[in-house]
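Below are the chains, spelled out letter by letter.
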Amino acid sequence: MIKFLDLHKINNRFRDEFEAAFSKCLEDTHFILGENVAKFEVEFAQYCGTTYCIGTANGLDALTLILKGYIELGKLKKGDKVIVPANTFIATVLSVLHAELQPVFVEPNPHTYNLDGKHLETTINEDTDNTIKAIIMVHLYGQLADLEGINKLVKRHQLLLIEDAAQAHGAFSELGKAGAISNAAAFSFYPSKNLGALGDGGAITTNDKRLQETVKLLRNYGSHKKYKNELIGHNSRLDDLQAAFLRIKLKALEADNTKRRAIAKAYINGINNPKLKLPFYDGSENHVFYAFVVEVEDREDFIGFLNKNEIQWLIHYPIPPHQQKALSQFCHLKLPVTEQIHKRILSLPMSPVMTTAELKTVISILNTY
Ligand SMILES: *Cc1c(COP(=O)(O)O)cnc(C)c1O
């Protein structure tokens, strides 16, 4: 059986360091907002190239707190419209709804799966009452969205730009690094992410001092000082123990991303089956391959083939947000690009601990499909 992602193998590389960090935590008892959170925030901000990083309980909260922070600061108000890609993990959309804003779904570029300037421009031009105030760009599957195209519109229409960088830790281009190319960015450290904790975790990165101050309040009951509450806050802090684990894994992130790119290149060079549409990749470091996603016309048949050959697979994601029961108020929308993508995509095994032998096996099996 070739695993999709071997979480045991990924984390076992750090077992001794994890155990030492756990023992120290058990001795110190600084479980909440201790020194590991403070140190991780400095280290992750430095890694992303931002002035600030604020740890949160998870990626969804990171997104939600950014939006609520901008509402507190008067840059957004309840009911404003926020553009989201129609093809994303549901968290992107939920954050908008939790902040009492309105999501506007925009179709992706069918090759990169990301927002691009062209589709965005059409949507913004149709917004004649100018109620679109922000864009959340998602760097889906680890590839940076079309920043140049998006930035033009952001400047022209004075919009806030927010990144959902939950799948893109470390992706960069000459325009900057994921987390540092917008007003504020949200990361997830869910265990399967490129930088994954041993539980839930998330972070916000930003250069905006006032936003940093506000989300620091919001994540901690609206409070700077114990039992003094300034805002209607949340309880959404990054665990100190998870921060300790993340500090250890952050040191391996660059090498892990390099490995993921090498696997992607081997897939792209090795798979020569015309039934599989390979992902668009320009060969640069703007992609960290959280997922290696192919498209296939008869997915049911392909899944049967993979199962028979004991190759694990996943679908990121089987149902688009606007067709989810929870979001039935959007089910009337017609988003054909997104709907077609969701019917055809499938993610192949991809992880920094995949061996060359496993990779070769997958490639040769795929070429016999
Ligand atoms: C994982 C993910 C999130 C949410 O992160 P959690 O830590 O699970 O809350 C948000 N957006 C995208 C694109 C994700 O992949």
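Here is what the cut-offs are and how they apply
Residues numbered from 1 in each chain as written. Predicted model: local features only at pLDDT ≥ 70, side-chain atom pairs only at ≥ 80, totals over all residues. Heavy atoms only, no water. Domains from an automatic or database assignment. Contact = heavy atoms within 4.5 Å. Buried area = accessible area lost by both parts, 1.4 Å probe. Near = heavy atom within 4 Å. Polar contact = N/O pair within 3.5 Å; in protein donor to acceptor, adjacent residues only side chain to side chain. Areas by Shrake-Rupley, 256 points an atom, 1.4 Å probe, with all protein chains shown as cover. Nonpolar A, V, L, I, M, F, W, Y, C, P; charged D, E, K, R; others polar. Pairing = 2+ DSSP bridges. Helix = DSSP H or I, 4+ residues; strand = E, 2+ residues; numbered from the N terminus. Axes fitted to C-alpha atoms, helices over the stretch in contact; angles between N-to-C directions. Buried < 20%, exposed > 50% of the residue type's maximum accessible area, 1.4 Å probe, protein only. Arc of directions from axis to C-beta. Expected span 1.5 Å × (residues − 1). Patch = residues over 30% accessible without salt bridge, like charges linked within 9 Å, V, L, I, M, F, W, Y side chains within 5 Å. Salt bridge = Lys/Arg side-chain N within 4 Å of Asp/Glu carboxyl O. Lys, Arg positive; Asp, Glu negative; His and termini not counted. Charge placed at Lys NZ, Arg CZ, Asp CG, Glu CD. Core = buried A, V, L, I, M, F, W, Y, C linked by side-chain atoms within 4.5 Å.

1. Notes on the domain arrangement of the chain
Partitioning the chain into structural domains gives domain 1 (7–104 + 112–250) and domain 2 (253–366). Placing the centre of domain 1 and that of domain 2 at their C-alpha centroids yields a distance of 24 Å. Taken together, the contact pairs 33 residues of domain 1 with 34 residues of domain 2. Between domain 1 and domain 2 lies a buried interface of about 2,900 Å² when both sides are counted; carbon and sulfur atoms form 61% of it.

2. A look at the site of the ligand
As a matter of local geometry, the ligand sits amid 13 residues, with Gly 59, Asp 164, Gln 167, Ser 188 and Lys 193 nearest to it. A distance of 2.7 Å separates a nitrogen atom of the ligand from a polar side-chain atom of Asp 164. Between an oxygen atom of the ligand and a side-chain N or O atom of Ser 188, the distance comes to 2.6 Å. Within the complex, 92% of the 380 Å² of free accessible area of the ligand lies under protein. Here the shell around the ligand is built from residues that sort into six nonpolar, five polar and two charged.

3. Focus: the sheet that holds strand E3 (residues 102–106)
Pairing between the strands of a sheet comes from backbone hydrogen bonds, and it takes one of two forms, parallel or antiparallel. If you walk across this open sheet you meet the seven strands as E1-E9-E8-E5-E4-E2-E3, and the pairing is mixed. Looking at which strands have only one partner, the edges of the open sheet turn out to be strand E1 (52–56) and E3. On average, each strand axis in the sheet is tilted by 25° relative to the strand beside it, whichever way the strands run. In this structure, strand E4 (residues 132–138) lies alongside strand E5 (residues 160–164), joined through five bridges in parallel fashion. Of the residues in E5, the one forming a bridge with Met 137 is Glu 163. Here helix H5 (residues 90–98) sits on the sheet and contacts strand E2 (81–85), E3, E4 and E5; the angle it forms with E3, its principal contact strand, is near 150°.

4. Digging into unusual backbone geometry
Excluding glycine, a negative phi dihedral is what most residues carry, and trans is how most peptide bonds are arranged. Of the consecutive residues His 316 and Tyr 317, the connecting peptide bond is found in the cis state with omega at 15°. Structurally, Tyr 317 is set in the loop between helix H11 (299–308) and helix H12 (336–344). Phi is positive for Gln 158, close to 50°, though the residue is something other than glycine. By secondary structure assignment, the location of Gln 158 is in the loop between helix H7 (147–157) and E5.

5. Notes on H11
Residues separated by three or four positions in an α-helix point in the same direction, a consequence of the helix having 3.6 residues per turn. Taken together, the buried positions of H11 are Arg 299, Phe 302, Ile 303, Phe 305 and Leu 306. The buried residues of H11 occupy an angular sector of 160° when the element is viewed end-on, so they sit on one face. Looking at H11, the residues exposed on the side facing more than 90 degrees away from the buried face are Glu 300 and Lys 308. The inward-facing, buried residues of H11 contact strand E12 (276–277), strand E13 (292–296), H12, strand E14 (345–348) and helix H13 (356–366). Following H11 by one or two positions, Glu 310 has its phi on the positive side, about 55°.

6. Some thoughts on helix H3 (residues 35–48)
Counted at 1.5 Å a residue, the expected span for H3 with its 14 residues is 20 Å, and the 20 Å between its end C-alpha atoms agrees. Of all the residues in H3, the buried ones are Asn 36, Val 37, Phe 40, Glu 41, Phe 44, Ala 45, Tyr 47 and Cys 48. The buried residues of H3 occupy one face: seen down the axis, they fall within an arc of 155°. H3 presents Val 42 and Gln 46 as exposed residues on the side facing more than 90 degrees away from its buried surface. Those residues of H3 that are buried are in contact with E1, strand E7 (176–177), strand E8 (184–188), strand E9 (202–206), helix H9 (240–250) and helix H10 (253–270). Looking one or two residues beyond H3, the residue adopting positive phi is Gly 49, at roughly 85°.

7. A few points about a negative patch on the surface
A cluster of acidic side chains, namely Glu 297, Asp 298, Glu 300 and Asp 301, defines a negative patch on the protein surface. Its place among the elements puts Asp 298 in the loop between E13 and H11. What makes Asp 298 partly exposed here is its relative accessible area of 45%.

8. Observations concerning the pairing of E13
Most of E13 sits out of view: five of its five residues are buried. Both E12 and E13 contribute to a ladder of two bridges, which runs antiparallel. Within the sheet, the bridge partner assigned to Lys 277 lies in E13 and is Glu 295. As defined by bridge partners, E13 adjoins E14 across four bridges and the pair is classed as antiparallel. Its bridge partner lying in E14, Val 294 is registered against Leu 346.

9. Topic: the nonpolar core
Membership of the largest hydrophobic core comes to 41 residues, with the highest contact counts inside it found for Phe 40, Phe 44, Ile 83, Ile 135, Ile 150 and Phe 189. Among the elements of the structure, H3, E3, helix H6 (117–126), E4, H7, E8 and H9 are those that each provide at least two residues to this core. If one sorts the elements of this core by residue count, H3 sits on top with six residues. Setting aside anything within four residues of it in sequence, one finds Phe 40 in contact with Phe 189, Leu 195, Leu 238, Ala 243, Leu 246, Arg 247 and Leu 250.

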